[in-house]
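Observations on the model geometry
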Amino acid sequence: MERNPMLSVLHDRRARRRWGAVAVVAVIAAATATPTPAYAEVDRPINRPKPVAGAHAGQAGLKTFAAQEAGARLAPYGAVEPGEYGEALAGLQGLRGTLSPWLEVTGQPYDSDDPSYRDPFYSNSGSGWGNVAGRVTGLAAGNGYVFAGGANGGVFRKKLAPGGEWKPISDRILALSTGDLAYETARDTLWYATGEANTGATSYTGAGVYRLRDARRAGGFSKDDRVGGEELESRSINKIRFDGAGTVYAATSRGLWRHSTDPGRHAEPWEQVFLPNPASDADITKPYDNIVNDVLIQPGTNGRTVLANVAWRSGAAYNGYYVSTTGGGPGSFGRATLTGDIDNADIGNAEFAASADGSRLYLVQESPAGLAAGASSLAGVFTSTDGVSGPWTRIADSVKLENSGSAISADEGYPPGVQTWYNNFIAVDPTNPQHVYVGLEEVYETEDGGATWKTIGPYWNVGSDCFDPSVPSGGCPSTTHPDQHSIAIADGTVLIGNDGGVYSRPLAPATSTEDAAGHATDWSNHNAGLHVLQYYSVGTGRDPNGRGFAVAGGLQDNGGSLLRAGARKQVGPFGGDGGDIIVNPRNGCQILDEYVFLALWLTTTCGQSKGDTSAIFDITVPDVNARFTAPFRVVRGSKNVGDGASERWVAGGNSFWRHDHGFSYTGQQAAADPNKGWQKQYTLDATGARLIVGVDAVADRKAPTDPTKDTYIASWCGQANCNSAGFTRGVATNWGGTWTELDLTGLPNRYPDAVTFDPSDPTNSTVYLVFNGFNRRFIEGPGAGVKHVYRGKLTKSVGGVYVSWTDLSVGFPDVPATDVVVVGDKLVVGTDLGVLVADRRATPETVRWRRVGLPSGSTPFSLPLTAVFDLHVSADGFLYAATHGRGIWKTPLLLL
């Protein structure tokens, strides 16, 4: 029997980051005919899609979503300068707050393996990941405690002993984006480097490095714990390293810095010791010219010999290793040629490790050439027994790791190390210099210095000989979630941080266990209570179980989650990434979920399946070039043309689309229609370079079933990546009867993230538009402007449609705006630092912006200081906020 190509896209989470829209649509279309269950014996091994290193990998190798989200904040181009985030937070904190309490919605565990939601084509249930959390980019442990840093969720602490519970400890400081964590056991001191440095992630820059004394018992970080000044603000920090002689180094996106570890010198500024391209540091168009990934202090040199990996992951003239033999001071670093098996002409991102006795050095390195070729980007794992210069011996490559029991392979188009530029770590057992761990997509272990390896954390269990969907566990031992980022070793335990949270197992080989394939059978899951889920969207609807409302949302790397009314845990009906989402407010089991690039999946039964039948079907929008997470919405006030029991939909890619059937649409209809019910209404440009980023639609109040009378609006950006010297933006609408590009003269030349009609205006002539990005003091692109919120009034004129814009940004902090909704007389705006509210009727002279809720970290009922990606006005009387780092929260509409 022919293998089902659906598995290449639907069960493989990595495809969502690399496949272009056309490829995704083609594979899904091929798979919709007579599907075969994912677990069929004939389907092993499972094919996987080839990584895309071209158009949909983003600018110079950036992950697609990362590039587009960075573009939203930096458009028209550039870099955020030190001090901006601090100024934005000061502006936010200076606002009066409402008394609205925020309630955490997604505090329950998220069980990715629930056997009742095991769709054979669209769910990852049975993969073996168990409870999942968001991406953990920093881990530290010691003295019986573990500290975990979420990508944009801040730092959590818990006891390692059974019964330990996670507690957030960084909610009162500026940045919740984690670059690295380090724990000094003897001093009980936790170092927190902010600013995630994964250029392939939905990364946010940070606010520097913080030091927390008495870390096991302290209430949490405060602003006074920041080491130095604002020198490292608005930078990303991949690693902090200590030389043992009183100095700590920070490897950042803009050079290598150092600082004294002496508490008495805490407030002294950081010293920049190496910048490979000084001229580029002041050039806003060259943000990738000074990346330092890691440093290695050679043991036994008292901090005199310092090796730095300096490299942009897609290759650059400055890429290489640089060494100082005089203590790492300014001007002391020179390019080094490492001897042995390392190809000095193909050096990408690398991370280092040293054995506790100093006898062995290790590094894992990425290959820009491999990345460009769309193959494995792993140059290799190397060791040296003769210092930093080498010779360095390759002890592992992609082929060797694939043959170690890996669940991925080159034959399937996804070899080990294909994402070395995004996920990598290396660490040495402090009691054994030949016992080494490497993290790439999977977790690997060697006990003999690299002669042999085993895959102790395979990518997933789907396709393994033990996989059996009829067994609640999936039939195989639990494994780690894919995409490894961080590791900590302490108290006889090794802990792993990845895109699904934190996992651990015994350190000593004598006490750890594996099966015949070398897969670990003793992983412990630490994700219950680790509230760092990264949502893109949220939707709600009345649960058919009669207990209240169901809540669904799309997440980074963890599919589409569903919290049934009254449930004690969340489940995952949809696999892969989850983008935007629509939930029928009348029936919370009717859900439209986005995979990537407007590949949309529909269920009318909450996606419930035991694995034998599919409860989901595909209705992908046939757009030529949608964004990675592209917008789609209901037509407010409409009735679909099928049963009239739900609303119609619209979606935006390079074109604006409508779907008249809504949740009355069936799998049979989809199978018979190549366009899956979508009808093109308007195209932005003939080249496909312009992309819709925000949409809204309203039905005619007198004719809710007539789609020809709907009113639409869409904000868009271009060209191509929406963050370049050719940046442009616009707003298009069919208000007045024909499609018109509105005049944006005088408005910021930045990313127009969201647009909405005022529901209180029966003529639909009042619209609200919000801009992402920072003001022109920090983003120096042409016409960047300094404002964020506008109200537009549409009128008909001889030439078409005229719009007059009113600036409502007076008193609005200089913080990127992400979404806008109207609730009665309130205008509510989501931002990178929370939610703001003002009177929608206000003028520039009378507008008064307020923060919704109490200050972050002040009570359990305040919204964490993290990015709000989506706002949703729910029929249950709450405003829901989907945050990209701390889950979903809600607050009563009446208290806004």
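1. Quick notes on the overall build of the protein
Within the protein one finds nine helices and 57 strands. Among the 896 residues that make up the protein, the fraction classed as buried is 66%. Restricting the contact set of the protein to residue pairs at least 6 apart, pairs at least 24 apart contribute 59%. Carbon and sulfur atoms make up 51% of the accessible area of the protein, which totals about 28,300 Å².

2. As for the pairing of strand E35 (residues 581–584)
By the alternation rule, side chains of E35 split into Ile 581 and Val 583 and Ile 582 and Asn 584, which are all buried. Both E35 and strand E36 (residues 587–594) contribute to a ladder of four bridges, which runs antiparallel. By the bridge assignment, Ile 581 is partnered in E36 with Asp 593. In sequence, E35 turns back onto E36 through a hairpin of two residues.

3. A short note on the sheet that holds E35
The four strands are arranged E35-E36-E37-E38 in an open sheet whose pairing can be described as antiparallel. Looking at the sheet topology across the chains shown, the edges are occupied by E35 and strand E38 (617–618). Across two bridges, the pairing between strand E37 (residues 600–603) and E38 is antiparallel. If you follow Trp 601 over to E38, its bridge partner there is Asp 618.

4. Some thoughts on the nonpolar core
The biggest cluster of nonpolar side chains holds 42 residues, and the ones touching the most others in it are Phe 147, Leu 190, Phe 221 and Trp 849. Those residues within four positions of Trp 849 in sequence are excluded, and the remaining contacts are Leu 95, Val 789, Leu 808, Ser 809, Val 810, Gly 811, Phe 812, Leu 827, Val 829, Leu 836, Val 837 and Ala 838. The next biggest cluster of nonpolar side chains, apart from the first, holds 35 residues, and it includes Val 132, Phe 467, Leu 507 and Leu 555.

5. What to know about the pairing of strand E41 (residues 655–659)
Along any regular strand the residues' side chains alternate between the sheet's two faces. With five of five residues buried, E41 is to be regarded as a mostly interior element. Burial of the side chains of E41 extends over both faces: Ser 655, Trp 657 and His 659 are buried on one face and Phe 656 and Arg 658 on the other. Across four bridges, strand E40 (residues 649–652) lies against E41 in antiparallel orientation. By the bridge assignment for E41, Val 650 is matched with Arg 658. Looking at chain direction, E41 and strand E42 (residues 678–683) are connected through five bridges and run antiparallel. Bridge assignment links Trp 657 to a residue of E42, and that residue is Lys 680.

6. Remarks on the pattern of salt bridges
Under the counting rule described, the total for this entry stands at 30 salt bridges. With a closest N to O distance of 2.6 Å, Glu 447 and Lys 454 form a salt bridge. You can call Glu 447 partly exposed: its relative accessible area is 36%. With relative accessibility at 16%, the residue Lys 454 sits in the buried group. The shortest N-O distance in the salt bridge between Asp 758 and Arg 840 comes to 3.4 Å. A residue pair is termed long-range when its members are at least 10 positions apart, and Asp 758 in the loop between strand E47 (754–757) and strand E48 (766–770) and Arg 840 in the loop between strand E53 (834–839) and strand E54 (850–851) qualify at 82 residues. Across this residue pair, the class does not change: Asp 758 and Arg 840 are buried.

7. Describing the side chain of Ser 125
Tracing the backbone shows Ser 125 in the loop between strand E2 (110–111) and strand E3 (136–142). Given the relative accessible area of 4%, Ser 125 is considered buried. A distance of 3.3 Å separates a polar side-chain atom of Ser 125 from the backbone oxygen of Asp 113. Not counting residues within four places of it along the chain, the set of residues in contact with Ser 125 comprises Ser 112, Asp 113, Asp 114, Pro 115, Tyr 117 and Arg 118.

8. Re the packing of aromatic side chains
All told, the structure shown has 23 aromatic pairs when counted by the stated rule. Here the aromatic rings of Tyr 321 and Phe 352 are separated by 6.2 Å at their centres, their planes lie at 50 degrees, and the arrangement is tilted. One end of the pair, Tyr 321, is in strand E17 (residues 320–324); the other, Phe 352, is in strand E19 (residues 350–354), and 31 residues separate them in sequence. Since its relative accessible area comes to 1%, Phe 352 is described here as buried.

9. Brief notes about the environment of Trp 678
Relative to the helices and strands, Trp 678 resides in strand E42. Given the relative accessible area of 2%, Trp 678 is considered buried. As a C-alpha pair, Trp 678 and Val 621 span 57 residues in sequence and 6.3 Å in three-dimensional space. Discounting residues that sit within four places of it in the chain, Trp 678 has contacts with Leu 600, Ile 619, Thr 620, Val 621, Pro 622, Trp 649, Val 650, Ala 651, Trp 657, Arg 658 and His 659. In this structure the side chain of Trp 678 is engaged in a polar contact, spanning 2.9 Å, whose partner is the backbone oxygen of Ile 619.

10. What about unusual backbone geometry?
The phi angle of most residues is negative, glycine excepted, and most peptide bonds adopt the trans form. In this structure, the amide linkage connecting Gly 390 to the following residue, Pro 391, adopts the cis form with an omega of 15 degrees. Checked against the element boundaries, Pro 391 lands in the loop between strand E21 (378–384) and strand E22 (393–396). Positive phi outside glycine occurs at Asn 302, with the angle close to 55 degrees. Tracing the chain through its elements places Asn 302 in the loop between strand E15 (292–297) and strand E16 (306–310).

11. Here we look at the environment of Ser 512
Tracing the backbone through its elements, the reader meets Ser 512 in the loop between strand E29 (501–506) and strand E30 (524–525). Sequence separation of Ser 512 and Trp 523 is eleven residues, and the distance between their C-alpha atoms is 9.2 Å. If near-sequence neighbours (up to four positions away) are discounted, Ser 512 is found in contact with Arg 505, Pro 506 and Asp 522. Here the side chain of Ser 512 touches Pro 509 through a polar contact of 3.4 Å, landing on its backbone oxygen.

12. Details of the sheet that holds E47
Strand order in the open sheet formed by four strands is E47-E48-E49-E50, and the pairing between neighbours is antiparallel. Each of the sheet's edge strands pairs with one partner strand only, and the pair in question is E47 and strand E50 (800–807). With direction set aside, neighbouring strand axes in the sheet form an average angle of 25 degrees.

13. Considerations on the environment of Asp 386
Along the chain, Asp 386 turns up in the loop between E21 and E22. On a C-alpha basis, the gap between Asp 386 and Ser 359 in space is 8.0 Å, while along the polypeptide they are 27 residues apart.

14. A few points about the state of the cysteines
If you walk through the whole model with that rule in mind, you get two disulfides. Bridging Cys 466 to Cys 476, the disulfide has an S-S length of 1.9 Å. Every disulfide takes its handedness from the sign of the S-S torsion; for Cys 466 and Cys 476 that torsion is 110 degrees, giving right-handed. Of this pair, Cys 466 sits in the loop between strand E26 (454–457) and strand E27 (484–490) while Cys 476 sits in the loop between E26 and E27, and the two are ten residues apart along the sequence. Classification of Cys 466 by relative accessible area gives partly exposed; the value is 33%.

15. Notes on the confidence of the model for the protein
Averaged over every residue, the pLDDT of the protein is 89; residues scoring 70 or more account for 88%. A low-confidence stretch, residues 1–63 stays under pLDDT 50, and its non-local contacts, those more than four residues away or across chains, total 191 contacts. Scored below 50 in pLDDT, residues 776–780 makes 25 contacts in the model with residues more than four places away or belonging to other chains.

What counts, and where the lines are drawn
- Residues numbered from 1 in each chain as written.
- Predicted model: local features only at pLDDT ≥ 70, side-chain atom pairs only at ≥ 80, totals over all residues.
- Heavy atoms only, no water.
- Helix = DSSP H or I, 4+ residues; strand = E, 2+ residues; numbered from the N terminus.
- Buried < 20%, exposed > 50% of the residue type's maximum accessible area, 1.4 Å probe, protein only.
- Contact = heavy atoms within 4.5 Å.
- Areas by Shrake-Rupley, 256 points an atom, 1.4 Å probe, with all protein chains shown as cover.
- Pairing = 2+ DSSP bridges.
- Core = buried A, V, L, I, M, F, W, Y, C linked by side-chain atoms within 4.5 Å.
- Salt bridge = Lys/Arg side-chain N within 4 Å of Asp/Glu carboxyl O.
- Polar contact = N/O pair within 3.5 Å; in protein donor to acceptor, adjacent residues only side chain to side chain.
- Phe/Tyr/Trp six-rings, centres within 6.5 Å; stacked < 30°, edge-to-face > 60°.
- Axes fitted to C-alpha atoms, helices over the stretch in contact; angles between N-to-C directions.
- Disulfide = S-S within 2.5 Å.
- pLDDT = per-residue confidence, 0-100.

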